[in-house]
Amino acid sequence: QVQLAESGGGLVQAGGSLRLSCAASGRIFSINEMGWYRQAPGKQRELVADINSGNKTNYADSVKGRFTISRDNAKNTVYLQMNSLKPEDTAVYYCGARGVRTIPFSLGDYWGQGTQVTVSS
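Scope of this entry: the structure provided in the associated data block. Keep in mind that what you see is a predicted model, and the values were worked out from it rather than measured. Note on numbering: residues in each chain are counted from 1, in written sequence order. Per-residue local features are limited, in this predicted model, to residues with pLDDT of at least 70; the limit for side-chain atom pairs, both in listing and counting, is 80 or more; totals at the level of whole chains, interfaces and linings are taken over all residues. To get the side-chain values, all heavy atoms of the structure are used, and hydrogens and water are removed first.

Let's shift gears to the overall build of the protein chain. Numbering of helices and strands runs from the N terminus, with a helix taken as a DSSP run of H or I at least four residues long and a strand as a DSSP run of E at least two residues long. For the protein chain, the count of helices and strands is zero helices and 11 strands. In terms of its C-alpha atoms, the protein chain occupies a principal-axis envelope of roughly 50 × 25 × 20 Å. Within the protein chain, counting contacts between residues at least 6 apart in sequence, those at least 24 apart form 56% of the total. Treating the 13 positive side-chain charges of the protein chain as one cloud and the 9 negative ones as another, the clouds have centres 3 Å apart. Here, two residues are considered to be in contact whenever any of their heavy atoms come within 4.5 Å of each other. Charge counting treats Lys and Arg as positive and Asp and Glu as negative, with His and both chain ends excluded. Note on charges: their place is set at NZ of Lys, CZ of Arg, CG of Asp or CD of Glu.

Put into structure tokens, the structure is as follows:
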């Protein structure tokens, strides 16, 4: 059983910063890709940023230059540093892990339960 636990969401004024963390737990051997996704009310879930095991990153155009994703492979943890936040960044942010290999062997994708980020104008 693999679980993802997010933390760091909250309420912040426009222009402020937040740092999200997501720790994966369980009998994990390796994780191929970890990422952050968000879903605003009435909208589909969208990719914010992801990072693979080689630290190659990918960002949505809307967050480039403002958000930074990083990971600690030893801790199976991914972070999202969010700066210059805008009201349109308001959403539930979900952590995702893809290509998770466990001991004994299994391979799967997992989601966290989400953390609310609210940016006031």
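What follows continues from the structure just given.
Overall, antiparallel pairing links the four strands, which are arranged β1-β3-β8-β7 in an open sheet. Looking at the sheet topology across the chains shown, the edges are occupied by β1 (3-7) and β7 (67-72). For this sheet, the mean inter-axis angle between neighbouring strands, taken without regard to orientation, is 15°. At least two DSSP bridges between two strands are needed for those strands to be called paired. Bridging between strand β3 (residues 18-25) and strand β8 (residues 77-82) involves six bridges; their strand directions are antiparallel. Here, axes are lines fitted to C-alpha atoms. For helices the fit covers the stretch in contact, and angles between N-to-C directions go from 0 to 180 degrees.

Moving on, we come to the pattern of salt bridges. Take a side-chain nitrogen of Lys or Arg and a carboxyl oxygen of Asp or Glu: if they are within 4 Å of each other, that pair is a salt bridge. A full pass over the atoms with the stated rule returns six salt bridges. Note that R98 is salt-bridged to E33, the shortest N-O span being 2.0 Å. Of this pair, R98 sits in strand β9 (residues 91-102) while E33 sits in strand β4 (residues 28-39), and the two are 65 residues apart along the sequence. Under the relative-accessibility criterion, R98 is labelled partly exposed at 36%. Here D61 and K64 are joined by a salt bridge, their closest N and O atoms 3.1 Å apart. The buried label goes to any residue with under 20% of its type's maximum accessible area, the exposed label to any with over 50%, and the partly exposed label to all in between, with areas taken from a 1.4 Å probe on protein chains only. Relative accessible area serves as the criterion here: at 64%, D61 is assigned to the exposed category.

Attention now moves to the packing of aromatic side chains. Between 30 and 60 degrees the pair is tilted, below 30 it is stacked and above 60 it is edge-to-face, where a pair is any two Phe, Tyr or Trp rings, Trp via its six-membered ring, whose centres lie within 6.5 Å. According to the stated counting rule, one finds one aromatic pair in the structure shown. For the ring pair Y37 and W111, a centre distance of 4.9 Å and an interplane angle of 70° mean the geometry is edge-to-face. Here Y37, found in strand β4, pairs with W111, found in strand β10 (residues 106-111); they are 74 residues apart in sequence, far enough to count as distant. Residue Y37 is classed as buried on the basis of its relative accessible area of 13%. To sit over a ring, a charge needs its Lys NZ or Arg CZ within 6 Å of the ring centre and within 35 degrees of the ring normal. The side chain of R45 reaches across the aromatic face of Y94, ending 3.7 Å from its centre.

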